[in-house]
Amino acid sequence: MTPMETERLIIRQFAEGDWPGLHEMIVRYHEFENAAYDPTHPWPTAPEEIRKIAAWFASGESYLAVCLKDTGRFIGFVCLNPLEKEGSREYNLGYIFDSNYRGQGYATEACRAMLGRAFGELQADQVVTGTATSNVPSVRLLHRLGFRSTGEGRFALSRDEWERGIHG
Ligand SMILES: CC(C)(COP(=O)(O)OP(=O)(O)OC[C@H]1O[C@@H](n2cnc3c(N)ncnc32)[C@H](O)[C@@H]1OP(=O)(O)O)[C@@H](O)C(=O)NCCC(=O)NCCS
């Protein structure tokens, strides 16, 4: 894919060589309590596992690396996963940003570009996403992006070490 350029960011296809930045970010993410509400929880943190994830991301165009334009530094990823919906082209938006690069509007900037890609090049009819209501930065991000709440449910997004459901 052609990399997307925003005011401060480059959003591009993953490369296997992105794994050290991805690794640093995921390790820090695990120090952040909202990781427990991520359906992917627990993320693997072993370098070999992260290397495999980076290779898998690099093999497709759903997960994209977000880098600072001026330094090339990897700061997070955004994804658009196609959903199986008859008669409607829908995507699920996802995002994780390195905790060292939050609070500066980078996630908003990258996600806006991804919505542009979804409704432009990918010809989406709808983009959906979900987040735990307790994940305040994520809820605020979705409001900034213009997402409309379609409902709230109570269900386990992931399980703790005793296999009890963790609710958002
Ligand atoms: C969700 C997540 C991406 C939000 O990150 P974020 O840093 O709050 O979002 P942004 O990068 O868009 O930054 C927005 C904040 O920067 C501020 N900001 C500073 N400069 C800005 C600028 N130039 N433009 C826009 N916002 C700016 C905004 O006011 C906002 O702060 P506020 O929420 O206190 O008002 C981040 O918390 C994260 O990666 N969490 C872990 C992953 C996760 O939970 N994913 C969802 C799982 S379902």
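Presented here is an overview of the structure given in this document. Quantities reported herein were computed from a predicted structural model and do not represent experimental measurements.

## Some thoughts on the nonpolar core
Within the largest apolar cluster, 33 residues are counted, with the highest numbers of intra-cluster contacts made by L64, V66, V78 and A110. Residue contacts for V66: discarding those within four places in its chain leaves L9, I11, I75, G76, F77, V78, Y106 and A110.

## A word on the site of the ligand
For the ligand, the set of nearby residues contains 19 residues, the closest of which are R102, G105, A107, T108 and P137. Looking at the shell around the ligand, the elements with two or more residues in it are β5 (90–97), α3 (106–119) and α4 (136–145). When grouped by side-chain class, the residues that make up the shell around the ligand number 8 nonpolar, 8 polar and 3 charged.

## A few points about the pairing of β5
Of all 8 residues that make up β5, 6 are buried, and the element is covered over most of its length. One ladder, built from 8 bridges, connects strand β4 (residues 74–83) with β5; its direction is antiparallel. Along β5, the bridge assignment pairs L80 with L93. Once β4 ends, the chain turns through 6 residues before running back antiparallel as β5, passing G87 with a positive phi of about 75°. Judged from the 3 bridges that link them, β5 and strand β6 (residues 126–128) form a sheet pairing that is parallel. Counterpart to Y91 in the pairing with β6 is V127. In this view, the connection linking β5 to its parallel neighbour β6 by way of α3 has right-handed handedness.

Procedures and definitions
Residues numbered from 1 in each chain as written. Predicted model: local features only at pLDDT ≥ 70, side-chain atom pairs only at ≥ 80, totals over all residues. Core = buried A, V, L, I, M, F, W, Y, C linked by C-beta atoms within 7 Å. Buried ≥ 20, exposed ≤ 12 C-beta atoms within 10 Å, placed from the backbone. Contact = placed C-beta atoms within 7 Å. Near = placed C-beta within 6 Å. Helix = DSSP H or I, 4+ residues; strand = E, 2+ residues; numbered from the N terminus. Nonpolar A, V, L, I, M, F, W, Y, C, P; charged D, E, K, R; others polar. Pairing = 2+ DSSP bridges. Right-handed = clockwise from strand over helix to strand, strands pointing away.

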